[in-house]
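# Breakdown of the fold
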Amino acid sequence: MTALEAGAPPAGMSAPRGQRRRRRDRWTPYALIAPTVLVMGVFLIYPIGNVVYFSLYHYNVTKPWANGFAGLDNYRQMFADPLFWNSLVFTSKWVVVEVVLQLIFGLVLAIVINESFVGRALARALVFSPWAVSGVLTTTIWLLIYNPTTGFGRYLADFGIGSYGTSPLIASNSAFWAAVLAELWRGVPFFAILILADLQSISGDLYESAEVDGAGRIRKFWSITLPHLRNAIILSTLLRAVWEFNNVDLLYTLTGGGPGHSTMTLPLYVARMAVDAKEFGYGSALTMSAFVILAVFSITYLWLSRVGQEDKP
Amino acid sequence: MNDATSVTTPGTQRPVAAKSGSSSGFPRKGRHGLARARRTRRWAIYLPLGLYLLFTLVPFYWMLLFAFRKTGSTSLVPWPGTLEHFATVWNGAGFAVFFKNSVIIAVLTLVLTTLFALLGGYAIARFTFRGKAAFLVMMLCTQFVPGAMMLIPLFDVFRATGLINSLWSIVVADTVFHLPLSLILMAGFIRNIPIELEEASWIDGYGRLRGFMAIGLPLLKPGIVAISSFAFIASWNNFLFALMFLNSQDQFTVPVGLSYMLGEYSVDFGALAAGGVVAVVPVVLVFAFVQKFLVQGLAAGAVKG
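All values derive from a computational prediction rather than experimental measurement. (Residues numbered from 1 in each chain as written. Chains lettered and ligands numbered in written order. Predicted model: local features only at pLDDT ≥ 70, side-chain atom pairs only at ≥ 80, totals over all residues.)

## Considerations on the overall build of chain B
Which entries qualify depends on this criterion: Numbering of helices and strands runs from the N terminus, with a helix taken as a DSSP run of H or I at least four residues long and a strand as a DSSP run of E at least two residues long. Partly exposed residues are those whose C-beta has more than 12 but fewer than 20 other C-beta atoms within 10 Å; with 20 or more the residue is buried, with 12 or fewer it is exposed, and the C-beta atoms are placed from the backbone. Here, residue contact means that the backbone-derived C-beta atoms of the two residues sit within 7 Å.
A count of helices and strands for chain B gives 14 helices and 0 strands. Taken from the N to the C terminus, the helices and strands of chain B come in the order α-α-α-α-α-α-α-α-α-α-α-α-α-α. The buried share of chain B, taken over its 305 residues, is 46%. Within chain B, contacts between residues at least 6 apart in sequence are counted, and of these 76% link residues at least 24 apart.

## A short note on the domain arrangement of chain B
Residues and elements named next belong to chain B. Threshold: For each domain, the first and last residues come from an automatic or database assignment. Gly counts as polar in this scheme, as do all residues outside two lists: the nonpolar Ala, Val, Leu, Ile, Met, Phe, Trp, Tyr, Cys and Pro, and the charged Asp, Glu, Lys and Arg.
Here the domain parsing of chain B yields domain 1 (2-82) and domain 2 (88-302). In this complex, domain 1 contributes 5 residues to the contact, which on the side of domain 2 involves 6 residues. When the residues that make up the side of domain 1 that touches domain 2 are grouped by side-chain class, the tally is 4 nonpolar, 1 polar and no charged.

## Some points on the interface of chain B and chain A
The interface of chain B with chain A comprises 80 residues on the first partner and 88 residues on the second. Per-element accounting of the side of chain B that touches chain A gives the leading share, 15 residues, to helix 14 (residues 269-302) of chain B. Of the residues assigned to the side of chain B that touches chain A, the class counts are 59 nonpolar, 15 polar and 6 charged.

## Here's the deal with the nonpolar core
Rules: Think of a nonpolar core as buried Ala, Val, Leu, Ile, Met, Phe, Trp, Tyr and Cys residues, each tied to the set through C-beta atoms within 7 Å.
Judged by nonpolar contacts, the single largest core of 162 residues is most densely connected at Leu109, Ala192, Ile195 and Val270 of chain A together with Leu151 of chain B. Counting contributing residues, this core receives three or more from each of domain 1 (2-82) and domain 2 (88-302) of chain B. Residue contacts for Leu109 of chain A: discarding those within four places in its chain leaves Val127, Val188 and Ala192 of chain A together with Tyr52 of chain B.

## What about the packing of helix 4 (residues 82-114) of chain A against helix 8 (residues 172-199) of chain A?
Helix packing for two helices is described by the angle between their axes and how far apart those axes are. Residue and element names in this part refer to chain A. Note the cut-off: Lines are fitted to the C-alpha atoms to define the axes, a helix being fitted only along its stretch in contact, and any angle between axes, read from their N-to-C directions, falls within 0 to 180 degrees. The scheme is simple: roughly parallel for angles under 35 degrees, roughly antiparallel for over 145, roughly perpendicular for 65 to 115, oblique for anything else. Throughout, a crossing is termed right-handed when the near helix is turned clockwise from the far one, and left-handed when it is turned anticlockwise from it by less than a right angle.
Contact geometry for helix 4 and helix 8: axes closest at 7 Å, N-to-C directions at 50°. With respect to each other, helix 4 and helix 8 are oriented oblique. Viewed along their axes, helix 4 and helix 8 form a crossing whose handedness is right-handed. Of helix 8, the residues touching helix 4 (which contributes Val97, Glu98, Leu101, Gln102, Leu103, Phe105, Gly106, Leu107, Leu109, Ala110, Ile113 and Asn114) are Val180, Glu183, Leu184, Gly187, Val188, Phe191, Ala192, Ile195, Leu196 and Leu199. Grouping the constituent residues of the contact of helix 4 with helix 8 by class yields 16 nonpolar, 4 polar and 2 charged.

## What to know about the environment of Asn247 of chain B
Residues and elements named next belong to chain B. Structurally, the position occupied by Asn247 is in the loop between helix 12 (240-245) and helix 13 (254-263). You can call Asn247 exposed: it has 11 C-beta atoms within 10 Å. Taking the C-alpha atoms as reference points, Asn247 and Asn165, 82 residues apart in sequence, are found 5.9 Å from one another.

## Description of helix 7 (residues 147-161) of chain B
All names here are of chain B. How we decide: To estimate the expected span of a helix, count its residues, drop one, and scale the result by 1.5 Å. At any given residue, the bend is defined as the angle formed between two axes, one fitted to the seven residues that end at that position and one fitted to the seven that begin there.
The first and last C-alpha atoms of helix 7 sit 20 Å apart over 15 residues, in line with the 21 Å expected at 1.5 Å per residue. At Pro153, helix 7 shows its maximal kink, close to 40°. Among the 15 residues of helix 7, 12 are classified as buried, and the element is accordingly described as predominantly covered. Among the residues of helix 7, Gly147, Ala148, Met149, Met150, Leu151, Ile152, Pro153, Leu154, Phe155, Asp156, Val157 and Phe158 are the ones counted as buried. Downstream of helix 7 by a residue or two, Gly162 has a phi angle that is positive, lying close to 75°.

Dropping the structure here:
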């Protein structure tokens, strides 16, 4: 029995088969997961079910007299809402730009800090540090940089670049890139950490035999490193895409969706409906659309990456 | 992006920064001749690394500069410094209270998350039972539920249970959000401990619980440290829940306090930067403590593609 356990694959069903120590062991696992099931049920599953229900009602905490059954009114309002459609466009742009840039920089960074050099441990700690910083703090830091009175703009203007008294957050195009840069600062470490963890599991023998065959650095990267990282890259881009989709803190505080709603993502729109407008009914309809988009995206992405794998020899 | 940071870096950097505008950041191809290859190799490491470190550290420095510099000064070093901004945020802006609230929430979240993750993780790692697969699928699915999407329905639940405007609402919401990943990671850590060790203790007459406490728990220490630190950091950083569920100023957390400073009509930048330093210190301390586990823990197979 012990041998069976030790040799069992780590995935899922590995618990000892012949274990009949005590009768009550049968109930032990249920007792162990009970607290988790309870809190998740009450504070996650049940509320999610409620979203469906709310989305069919006029529901505003500040206007209780107007509450009541709405049928599909909220959904009709949503499909006619230009801000909803604009937010979808901006959300895709935001997610794609962030994930692609973070992946590229994170990959390069992971490869660099995987080499051995003097001061590596310190360099890793410093490079990873923005990972632990919150969205609001990221805004605080970058606002000091973007602000016309405290920021770099003044020093750039000294060199004749740009003009005094402007902030990149004022115009919609520069506000987008300003937000992208701030989020990049915080987001690259995530990829660097995950990819570095995977890089460390590549056996050095592979590189050595490739060297014997006369493969150069670039060749080794394309034929050994990248194929090995394939799964880690798929997983981390998926997680990050979902994460950036859901990321509200930074945009809420840095641009607030502005200027002129130009940086409004769908979840940010939901958050503003919930926090500022207290329009719970319409907010729930928007939430439903976000659920659907996330589910479709995740399934499609995983399906596509599986198809890609089968094509490979 | 690197261009921007190297151009705007205040004076004192090494020439690397100025020279490197066009660096692609990739390791250069190997050349013939060992010494030369080694030299290019070193450049291929230090050049992109140095640039990236500038990009990472200059923003931190900028915040420290404003936090410690006297009001009205334009020097690029905060020397001679001042603590007046810290006095302003700590006493005037109420960060003493916000800080206390944030600590209470983060510590309670840490304790609950770690405890539930230990219990559930043990069940997943050491038992087969009906519904296990369904339980795991449920855990994974909840990872895709966005926090912003839970604002409205959770507000309703908290109002019904009387938790609204109580620190407990944030503790509960944070725990629910970090528990699935923590539990799955914990199951991975527990599975890595050979069950034979615990079984040996059963033969000595120990029960399951006593055996686990005596044998498993000490071996699990690194995993517990990592998981509880993640829970602490995530809870410390949470903004949206606190913004939505807490509405009196004596309940605010540090991120909410910061966001209100950001929204003020005329921002006191010195105080804002000092508030940022207050927000970052606990996270940096915890992070310095766990950053090694970050890579090791993941490499150990906890999150394998």
